[in-house]
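Summary of the model geometry
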Amino acid sequence: MRVLIIEDEIRLARNIKQVLTEELSYVVDISTDGEDGRHLALTNPYDLILLDLLLPKVDGLEILRTIRERGNSAPVLILTARGERQEIVRGLNLGSDDYMTKPFDMDELLARCRSLIRRSHGRPSSEIQVGSLHIDTRTHVVGVNGKKVVLPALEYRLLEYLAMRTGEIVSKTELMEHLYDFQSENFSNVIEVYISNLRRKLDPGPHYRLIHTIRGQGYLLGELPQ
Ligand code: CA
């Protein structure tokens, strides 16, 4: 999952980024002014946007208005200072999905981020079951046929994204856009390596396969006969 933080308090932004990266394996971009943030939000397919309201150049509500007008439906969580009640209401009316008042508890922020992304994929529960594959997106525990499988963060990140979109073909470009940030070396053969590792580790038995390559289109997660 790829998240954009638009927040001019750089220490807070870095702090949130660190927690989202370490605890949830998300990829995070930071923008510290409204103009740049609006540009990033409009040009990248983020899974979640954390939006401060009082920002240099363009304020948060203006960014929200613009991205919703352009048809961008990424979940938006507003980060607000105390006493901005009216702004919160305006934000919700403009299409934000949730808000948190600073200073906030990081665990609560994490829970809300996870929940907003899940709900945007139509998944009310934090657990995903696909045939013999079970994923707990809260603890990152993965199991196949009841047997626990330990995955490195980068492989888990890829699996979780495919699982959120079970039954859909996900192109390699989409995977790169949602799983890597600007600093990453986003070579597409890295994805092939992760996919082949996942196939080896998540073996549903001799008759089925979980991750399918759709030639020329991408990958699909679903337990189907070999
Ligand atoms: Ca601010």
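Residues numbered from 1 in each chain as written. Predicted model: local features only at pLDDT ≥ 70, side-chain atom pairs only at ≥ 80, totals over all residues. Heavy atoms only, no water.

Re the layout of surface pockets
Keep this limit in mind: As defined here, a cavity is a set of points on a 1 Å grid over the protein atoms alone where a 1.4 Å probe fits but cannot get out. A pocket is an open set with protein on both sides within 12 Å along at least five of seven lines, and residues line them when an atom is within 4 Å of a point. Grid points are joined across faces, edges and corners, and a volume is the space filled by probe spheres set on the points. Helix numbering and strand numbering both begin at the N terminus, where a helix is a DSSP run of H or I of at least 4 residues and a strand a DSSP run of E of at least 2. Charged means Asp, Glu, Lys or Arg here, nonpolar means Ala, Val, Leu, Ile, Met, Phe, Trp, Tyr, Cys or Pro, and polar covers whatever is left, Gly included.
Computed from the structure, the largest pocket encloses a volume of approximately 190 Å³. Along its surface, the largest pocket is lined by Ala41, Leu42, Thr43, Asn44, Pro45, Tyr46, Asn72, Ser73, Ala74, Ser120 and His178. Sorting elements by how many residues they give to the lining of the largest pocket places helix H2 (residues 34-43) first, with three residues. Taken together, the residues of the lining of the largest pocket sort by class into five nonpolar, six polar and no charged.

Observations regarding the coordination of the calcium ion
Here is the rule: Only nitrogen, oxygen and sulfur atoms count as donors, using a 2.8 Å cut-off from the metal that widens to 3.2 Å for Na, K and Ca. Water is left out, so coordination shells may look unfilled. Three labels apply to residues, based on accessible area from a 1.4 Å probe with only protein chains included: buried if under 20% of the type maximum, exposed if over 50%, partly exposed otherwise in between.
At this site the calcium ion is bound by Asp8 (OD), Asp52 (OD) and Leu54 (O), with donor distances of 2.1 to 2.4 Å. Judged by its relative accessible area of 33%, aspartate 8 falls in the partly exposed class.

Observations concerning the nonpolar core
Operational definition: Working definition of a nonpolar core: buried Ala, Val, Leu, Ile, Met, Phe, Trp, Tyr and Cys residues. They are joined through side-chain atoms within 4.5 Å. The contact definition used throughout considers only heavy atoms, calling two residues in contact when any of these lie within 4.5 Å.
Judged by nonpolar contacts, the single largest core of 51 residues is most densely connected at Leu20, Leu50 and Leu133. For this core, the leading source of residues is helix H6 (residues 153-164), giving seven residues. Not counting residues up to four positions away in its chain, the partners in contact with leucine 20 are Val3, Ser25, Tyr26, Val28, Leu50, Leu110 and Cys113.

Regarding the pattern of salt bridges
How we decide: One speaks of a salt bridge when a side-chain nitrogen belonging to Lys or Arg is within 4 Å of a carboxyl oxygen belonging to Asp or Glu.
Applying the stated criterion to the full structure yields 13 salt bridges. For the salt bridge of lysine 102 with glutamate 9, the shortest nitrogen-to-oxygen distance reads 3.1 Å. Of the two residues, lysine 102 sits in the loop between strand E5 (98-101) and helix H5 (106-120) while glutamate 9 sits in the loop between strand E1 (2-6) and helix H1 (10-24), which places them 93 residues apart along the sequence. A relative accessible area of 41% means that glutamate 9 is categorised as partly exposed. Measuring nitrogen to oxygen at the nearest pair gives 3.4 Å for the salt bridge that ties arginine 65 to glutamate 62. Of the two residues, arginine 65 and glutamate 62 both sit in helix H3 (residues 60-69), three residues apart, roughly one turn of that helix. For glutamate 62, a relative accessible area of 30% corresponds to the partly exposed category.

Focus: the environment of tyrosine 208
Mapped onto the fold, tyrosine 208 is located in strand E11 (residues 208-214). Residue class for tyrosine 208 comes out partly exposed when judged on its relative accessible area of 37%. Through-space distance from the C-alpha of tyrosine 208 to that of leucine 162 is 17 Å; in sequence the pair is 46 residues apart. Non-local contacts of tyrosine 208, meaning those with residues more than four positions away in its chain, are made with Glu223, Leu224, Pro225 and Gln226.

Some details on the domain arrangement of the chain
Selection criterion: Domain start and end points were adopted from an automatic or database domain assignment. Two parts placed together each lose some accessible area; with a 1.4 Å probe, that loss summed over both constitutes the buried area. Side-chain atoms alone can form a polar contact between residues adjacent in sequence; in general such a contact is a pair of N or O atoms within 3.5 Å, and within protein one must be able to donate a hydrogen while the other accepts it.
Each assigned domain of the chain is listed with its residue range as follows: domain 1 (2-120) and domain 2 (127-221). For domain 1 and domain 2, the distance between their C-alpha centres works out to 26 Å. Tallying the contact residues gives 16 residues for domain 1 and 15 residues for domain 2. The junction of domain 1 with domain 2 conceals about 1300 Å² of combined surface from both sides, 54% of it contributed by carbon and sulfur atoms. In terms of surface lost to domain 2, no three residues of domain 1 exceed Arg2, Ser25 and Val27, which account for 39% of the buried area on that side. Across the contact surface, domain 1 and domain 2 share zero salt bridges. At the surface where domain 1 touches domain 2, the tally comes to five residue pairs in polar contact (both at pLDDT 80 or more). Secondary-structure elements contributing two or more residues to the side of domain 1 that touches domain 2 are H1, strand E2 (27-31) and H5.

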